[in-house]
Amino acid sequence: MAFDAQAERKFNIVGTRVARPDGIDKVTGKAAYGADISAPGMLHGRILRSPHAHARIVSIDTSAAEALAGVKAVVTGADLAQPEDEGFADVAINCLARDKVLYDGHAVAAVAAKSKSIAKQAIRLIKVDYEILPHVTDVDAAMKPDAPVIQEGRALETVPAGMSQNVTTHCQFGHGDLDAGFAKADKIVERSFKTAATHQGYIEPQACMASLGSDGRGEVWCCTQGQYMVRANCAAVLGVEESQLRITSSEIGGGFGGKTSTFIEPVALALSRKSGKPVKVVMTRDEVLKATGPTISSSMDIKIGMTKDGRITAARGELRYSGGAYPNATVDMGAQAAFAAYDLEAVETVGWNAMTNRPKEIPYRAPGAPTSIYAVESVVDELCQELGLDPLDVRLMNAARKGTLSSYGPTFNDIGLVATLEAAKAHPHYAAPLGPNQGRGLSCGFWFNFGGNTCVSLNINDDGTVGVVEGNPDIGGSRASISMMAAEELGVPYDKVRTVIADTSSLGFNDITDGSRVTFAVGLATIEAARAAINEMCRRVAKIWDIDADAVIWEDGCAKPAGPNAGIHPPMTLAEIAAIAGNTGGPIAGHHEVNADGAGVSFGVHLCDTEVDPETGATKILRYTVFQDAGKAVHPDYVEGQMQGGAVQGIGWALNEEYIYGTDGRLQNAGFLDYRVPVASDLPDIETVILEIPNPGHPYGVRGVGETPIVPPLAAVSNAVSRAAGVRMTELPMSPPRLLKAMTG
Amino acid sequence: MKTIPVETTINGDSAEFLCHADESLLDVLRDRLGMTGSKEGCGTGDCGACSVMLNGRVMCSCLVLGVETQGAEIETIEGMAKGEELHPLQRVFLEEAALQCGVCTPGILVAAKALLEKNPDPTDTEVRYWLAGNLCRCTGYDKIIKAVQTAAAEMRSA
Ligand code: FES
Ligand code: FES
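Residues numbered from 1 in each chain as written. Chains lettered and ligands numbered in written order. Predicted model: local features only at pLDDT ≥ 70, side-chain atom pairs only at ≥ 80, totals over all residues. Heavy atoms only, no water.

Draft legend 1. Layout of the overall build of chain B. A tally of helices and strands in chain B yields five helices and five strands. Dimensions along the principal axes, computed over C-alpha positions, put chain B at roughly 50 × 30 × 25 Å. Among the 158 residues that make up chain B, the fraction classed as buried is 58%. Across chain B, the fraction of contacts at a sequence separation of at least 24, relative to all contacts at a separation of at least 6, is 55%. Of the roughly 6500 Å² of accessible surface on chain B, a fraction of 50% belongs to carbon and sulfur atoms. (Helix = DSSP H or I, 4+ residues; strand = E, 2+ residues; numbered from the N terminus. Buried < 20%, exposed > 50% of the residue type's maximum accessible area, 1.4 Å probe, protein only. Contact = heavy atoms within 4.5 Å. Areas by Shrake-Rupley, 256 points an atom, 1.4 Å probe, with all protein chains shown as cover.)

Draft legend 2. How the structure looks around the pattern of salt bridges. Per the stated rule, a full pass over the model turns up 59 salt bridges over all chains. One salt bridge connects A:Asp629 with A:Arg703, and the closest N-O pair in it is separated by 2.9 Å. Here A:Asp629 is found in strand β25 (residues 619–629), whereas its partner A:Arg703 is found in the loop between β26 (686–691) and α20 (713–725), with 74 residues between them in sequence. Exposure class is identical for A:Asp629 and A:Arg703. Each is buried. In this structure, B:Glu154 and B:Arg91 form a salt bridge, with 2.5 Å as the shortest nitrogen-oxygen distance. Highlighted residues: B:Glu154 in helix α5 (residues 142–157) and B:Arg91 in helix α2 (residues 88–95), separated in sequence by 63 residues. Here B:Glu154 falls in the partly exposed class, since its relative accessible area comes to 29%. Three or more residues joined by partner-sharing salt bridges are found here, namely A:Arg20, A:Asp22, A:Lys26, A:Glu251, A:Asp474 and A:Arg479. (Salt bridge = Lys/Arg side-chain N within 4 Å of Asp/Glu carboxyl O.)

Draft legend 3. Examining unusual backbone geometry more closely. All names here are of chain A. Note the cis peptide between Leu 732 and Pro 733, where omega equals 0°. Here Pro 733 shows up in the loop between β27 (731–732) and α21 (736–744). The backbone phi angle of Arg 365 is positive, close to 25°, even though this residue is not glycine. Looking at the element boundaries, Arg 365 is found in the loop between β15 (347–354) and α11 (369–387).

Draft legend 4. The packing of α2(B) against helix α3 (residues 105–118) of chain B, seen in detail. Residue and element names in this part refer to chain B. Where α2 meets α3, the axes come as close as 10 Å, and the angle between the chain directions of the two elements is 125°. Taken as axis vectors, α2 and α3 run oblique relative to one another. Between α2 and α3 lies a crossing of right-handed hand. Counting all contacts with α2, which are made through Leu 89, Gln 90 and Phe 93, the residues of α3 involved are Thr 105, Ile 108, Leu 109, Ala 112, Lys 113 and Leu 116. Looking at the contact of α2 with α3 residue by residue, the class counts come to six nonpolar, two polar and one charged. (Axes fitted to C-alpha atoms, helices over the stretch in contact; angles between N-to-C directions. Parallel < 35°, antiparallel > 145°, perpendicular 65-115°, else oblique. Left-handed = near helix turned anticlockwise from the far one by under 90°. Nonpolar A, V, L, I, M, F, W, Y, C, P; charged D, E, K, R; others polar.)

Draft legend 5. Representation of the sheet that holds strand β6 (residues 127–132) of chain A in the model. Residues and elements named next belong to chain A. With respect to topology, three strands assemble into an open sheet ordered β4-β2-β6, the strand pairing being antiparallel. Single-partner strands in this sheet number two, and they are β4 (100–101) and β6. Where strand β2 (residues 55–61) meets β6, six bridges bridge the pair, whose relative direction is antiparallel. In the strand pairing of β6, Ser 59 is matched with Asp 129. (Pairing = 2+ DSSP bridges.)

Draft legend 6. Here's a closer look at the pairing of strand β4 (residues 57–60) of chain B. Residues and elements named next belong to chain B. Summarising the sheet, strand β3 (residues 51–54) and β4 pair through four bridges and their orientation is antiparallel. Bridge pairing links Leu 54 to Arg 57 in β4. Adjacent in sequence and paired antiparallel, β3 and β4 are bridged by two residues, among which Asn 55 carries a positive phi angle near 50°.

Draft legend 7. Highlighting the environment of A:Val727. Residue and element names in this part refer to chain A. Locating Val 727 in the fold gives a position in the loop between α20 and β27. For Val 727, a relative accessible area of 22% corresponds to the partly exposed category. Residues within four places of Val 727 in sequence aside, it is in contact with Ser 722, Ala 742 and Met 743.

Draft legend 8. Structural context of the domain arrangement of chain B. Residue and element names in this part refer to chain B. What the domain assignment reports for chain B is domain 1 (4–79) and domain 2 (88–157). With centres defined by C-alpha atoms, the gap from domain 1 to domain 2 works out at 22 Å. When the area that domain 1 buries against domain 2 is broken down by residue, the three leading residues are Cys 47, Val 58 and Ile 77, summing to 41%. Linking domain 1 with domain 2 are one salt bridge. Taking the shortest distance from any N to any O, the salt bridge between Lys 113 and Glu 75 comes out at 3.3 Å. The tally of links from domain 1 across to domain 2 stands at five residue pairs in polar contact (both at pLDDT 80 or more). Among the elements that make up the side of domain 1 that touches domain 2, the one with the highest residue count is β3 (three residues). (Domains from an automatic or database assignment. Buried area = accessible area lost by both parts, 1.4 Å probe. Polar contact = N/O pair within 3.5 Å; in protein donor to acceptor, adjacent residues only side chain to side chain.)

Below, the structure is given as structure tokens:
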């Protein structure tokens, strides 16, 4: 749906900072998250996990656990279906392993018992006989031809013959003559980079309550980014029909992509089927870290050539990602995003994915992009340093703009990169003085944004209020934004609209809350649903006035005659029309179903000042500013919140966060004490500057904003640290020991 | 395992419960008393989502045993608003969008209230260090720190 070409549309509600509808419940402790509900007769489930990185399961003896008083069911992989579809099959064996365990923490069996402590006792009584296999957790090692093979026969056809079977994906993007481009360069920098896997780190662990009868009918309450995805996975893994499962999404305590898969819901359903009771499963933090999605780990080589006045002549990247023990396509997105910020004559990106004995990668905010863009932006910064050029001017000179053939194929439409860079250049932060041991870094960031399958129902209630029913869990205030867009379109006050999130039986299919799609795609569908309701209201009023339907227009929340020829009629408000709907044809509603495209790519620029301590290698973030194009910021507070939250997750990735594996292939730091996410005292204020370059694909110009902000911080912090420390850093995280080692040589 | 009777005061009301010797106060609140406002983010004292006031001090309720609270005064997020009237911190958190998913919010509100009772006029750095035990993964803390300061200013002039 095209951007409304009304010159400078004046919004009444969109762009204001209204109160969110779920707010009171969330500040008073009433909001119900995944673990917050219980049912009469409910059992507690608990999962036994592999202590080995890679092993064959020889046998599982559950008899002692079953004999323990209070234990009502025990399940293993044999209790789940074996779906034919590879994607569902991966979900199934990740929920409960079958022949092999593929990583430390892989689920093997589960029990349901009358209390948490009996369940805990019972899993210790399950005897698993393992035959330990050699393991590999490093991506480069996993690609070697003689590496232990995690799963056989999983490579796509694009992977050349003769490579390790761990290599599952190969992709290539680009255009132009690389050799000619590099020949024109005055300076070429080529560097290799490594980044550790990081976890989404949502504060609420996965939790669910499930019940499934022998007739195949079931209910699940769970914290998820997509109830329809949970339904599809559970149906496939349990071998039941989707129509028989009703999935309700609870309030969700953070997701960031990490709740776009299922780990425990099928297990809880299997336990419930066997025990005949509702079963609640709540993950512990160490289970979350060991067995739910971290993002990829990476190893990358980047080569860029530049003229002495700053024009990039050619660029090449080779990315090796590991998404854990299963195939995945995250490297495709990393490869496509790597050079997206640049207008290049010659560019090539090559990507590989290799399986390792690590948990299954689950998307984390802009999956694939932060690492590849970190490597590219680090090399661009080094070239600027070597050639004595201003890094912002160089980015402006090479910036992608409208009409640029992007490095991954499409030609860009209206994009906000140049405006964002100019805003950064004009900001006082960029000119502020720096002291000793201090450095300033900057980086561009990019994300595609998605649209996707979306259904919205909008009901005009008889008292003149409005109900919106949508199908995407609200992970950052989206219910407020959706109500705002409905109110804007209908011309009614914001507080007359209430948006609720449907369970899977109450509304048609919706894609998961991902790809920064909700405010864009659900917003678009809401506006269209409102327009459908408006058409219907105009039709009803035309009947009352006895004129043609197209002689009635909708303005300021009222039906009005279109012009003098339509006759003289006093306007009718939405409430007046709603009150007599029963006499004019029955209830009034609008619907919209769409597979939305036109999401509109998003760019951001981050500026970061750091100070490094030459004695300890510790880094302090002194100042941080985020510039981002939001298309149209529907609720500026929550746009800023996305920018700030994403930036801080990226800062954690750059400085502290890291999956650390021992030589035994076991995760060494499965807790918030040792897997250290940023805390309040680590950080300064995060300043934000929102730019609004309308997205041509949305009626109000909205772009997704949630993912781009995690992309630039890795390089912004690394470039600042490299300049402050006087040494180029090429590995993340830049934890104090690693930085100290780099500084002292 | 035998259950043990415990008598406490929670949010000003006397509360009696039975619990096992190995049950945390957080489990007692959530599972036995139905007070699910306090959240479990880690169970190991690292996230602060379970913060409550115990005899006037902020504590991680996941690190306290239920049986240890015999005779104690406990305050939780459920006792922070007085009927319909929100505490200034609760109201300002909403007005200034200091929460996104909200799962850290109960713990942060309990901890921030304790800070302002001790130190009505903290610096930003003092707020940041006081809340360093309360993880928030959504907001980057910026709006939380600002909201605490707005509420503090309001409470000082009240
Ligand atoms: S649950 Fe108590 S500190 Fe995390
Ligand atoms: S608002 Fe989500 S963790 Fe703080």
